[in-house]
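If you want the building blocks of each chain, they are given just below.
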Amino acid sequence: MSDDHDHHDDHELRVSKIRSGTVIDHVRGGQALNVLAILGIDGSDGEEVSVGMNVPSDRLARKDIVKVEGRELSQDEVDVLSLIAPDASINIVREYEVVEKHRVERPDVVEGVLSCPNAECITTGGEPVTSQFEVLDDGVRCSYCDTIVREEIASLIDT
Ligand SMILES: [Zn+2]
């Protein structure tokens, strides 16, 4: 009996709707917190956020889902999300209706979002140079020092 009840609650959480804002669906399992980091959301501003982690999915074995009330993502934010959540779908919701729905597309270049891990890089030396990375199929490359990062791209996010 209590097992059934728990399962029901879980389902309710997954499908609960937001009034107006953004639902980021089909995030790769385990990346939801990195999605929040990219969006600069840490809860300190009182944002209303729901996160589902490692929920079963048809398209991915396990997925995360992030719902942000009262905020519509910009194209720049969506572009950067594509680096860690290439399969994500973005649903813009207004008054409980999905008014826009799109898949993320990987940009050719991201500027001012990631910090270069190379301490010798001109972008990390306190110079007024905005970081710039080219997006490769399997990672990103610093446009200034050619450092390539394939793993842990989220750890470079300049928050
Ligand atoms: Zn660099």
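For the structure itself, consult the block above.
Please read all numbers here as calculations on a predicted model, not as lab measurements.

Okay, the layout of surface pockets next. One number sums up the size of the largest pocket: a volume of about 300 Å³. Residues of the lining of the largest pocket, tallied by class, amount to five nonpolar, three polar and seven charged.

Turning our attention to the sheet that holds strand 1 (residues 21–28). Across the sheet, which stays open at both edges, the five strands sit in the order 2-3-1-4-5 with antiparallel pairing between neighbours. Unpaired on one side and paired on the other, strand 2 (49–56) and strand 5 (97–103) mark the two borders of the sheet. Within this sheet the neighbouring strands show an average axis-to-axis angle of 15°, counted without direction. Direction of pairing for strand 2 relative to strand 3 (residues 62–69): antiparallel, over a ladder of six bridges. Bridge pairing in strand 3 places Ser-50 opposite Lys-67.

It is worth spelling out the pattern of salt bridges at this point. Inspection of every chain in the model, using the stated rule, returns seven salt bridges. One salt bridge connects Glu-134 with Arg-141, and the closest N-O pair in it is separated by 2.9 Å. The exposure class assigned to Arg-141 is partly exposed, which follows from its relative accessible area of 26%.

By size, the foremost hydrophobic cluster in this structure holds 35 residues, and its most contacted members are Ile-24, Val-35, Leu-83, Leu-114 and Val-140. The set of elements that each furnish at least two residues to this core consists of strand 1, helix 2 (32–38), strand 3, helix 3 (75–84), strand 4 (89–94), strand 7 (132–136) and strand 8 (139–142). Leave out the neighbours within four places in its chain, and Val-35 touches Ile-24, Val-27, Val-66, Leu-81 and Ile-84.

Any two of four tetrahedral donors ideally make an angle of 109.5 degrees at the metal, while pairs among six octahedral donors ideally make 90 or 180 degrees. The protein atoms donating to the zinc ion are Cys-116 (SG), Cys-121 (SG), Cys-142 (SG) and Cys-145 (SG), with metal-donor distances spanning 2.3 Å. One way to put it: the four donor atoms around the zinc ion meet at angles of 101 to 115°, and that makes the site tetrahedral. Read N to C, the donor residues that coordinate the zinc ion are spaced as C-x4-C-x20-C-x2-C. One end of the pair, Cys-121, is in the loop between strand 6 (109–111) and strand 7; the other, Cys-142, is in strand 8, with 21 residues separating them in the sequence. Cys-142 shares its class with Cys-121; the two are buried.

Time to look at the sheet that holds strand 7. Read from one edge to the other, the open sheet built from four strands follows the order 6-7-8-9, with strand pairing classed as antiparallel. A strand with exactly one partner marks an edge of an open sheet, and here the two such strands are strand 6 and strand 9 (148–149). As paired strands, strand 8 and strand 9 are joined by two bridges and run antiparallel to one another. Within strand 9, the position partnered with Val-140 by the bridge is Val-149.

Tracing the backbone through its elements, the reader meets Glu-69 in strand 3. Glu-69 has contacts with Ile-18, Arg-19, Ser-20, Gly-21 and Glu-48, leaving out every residue within four places of it along the chain.

Calculation rules
Sequence order as written defines the numbering, with residues in each chain counted from 1. For a predicted model such as this one, the threshold for reporting local features is a pLDDT of at least 70, and the threshold for listing and counting side-chain atom pairs is 80 or more; totals across whole chains, interfaces and linings nevertheless cover every residue. In computing side-chain properties, one takes all heavy atoms of the structure into account and sets aside hydrogens as well as water. Within this scheme a cavity is a closed region of a 1 Å grid, computed over the protein atoms alone, that accommodates a 1.4 Å probe without allowing it to escape, whereas a pocket is open but has protein on both sides within 12 Å along at least five of seven lines; lining residues each have an atom within 4 Å of a point. Grid points are joined across faces, edges and corners, and a volume is the space filled by probe spheres set on the points. In this classification, the charged set is Asp, Glu, Lys and Arg, the nonpolar set is Ala, Val, Leu, Ile, Met, Phe, Trp, Tyr, Cys and Pro, and all remaining amino acids, among them Gly, are polar. Here, strands pair whenever DSSP counts at least two bridges between them. A helix here means a DSSP run of H or I that spans at least four residues, while a strand means a run of E at least two residues long, and both kinds are numbered starting from the N terminus. Whenever a helix is involved, its axis is fitted only over the stretch in contact; in every case the axis is a line through C-alpha atoms, and angles between N-to-C directions fall within 0 to 180 degrees. One side-chain nitrogen of Lys or Arg within 4 Å of one carboxyl oxygen of Asp or Glu is enough to make a salt bridge. Whether a residue is buried, partly exposed or exposed follows from its accessible area with a 1.4 Å probe, protein chains only, as a fraction of its type maximum: under 20%, in between, or over 50%, in that order. Take the buried Ala, Val, Leu, Ile, Met, Phe, Trp, Tyr and Cys residues and link them wherever side-chain atoms come within 4.5 Å; each set so joined is a nonpolar core. The contact criterion used throughout is that any non-hydrogen atoms of two residues lie within 4.5 Å. Only nitrogen, oxygen and sulfur atoms qualify as donors, and only when within 2.8 Å of the metal (3.2 Å in the case of Na, K and Ca); with water excluded, sites may look incomplete. Site shape is set this way: if four donors have all angles between 85 and 135 degrees, tetrahedral; if opposite donors are over 155 degrees apart and all others between 65 and 115, square planar for four donors and octahedral for six; otherwise irregular.

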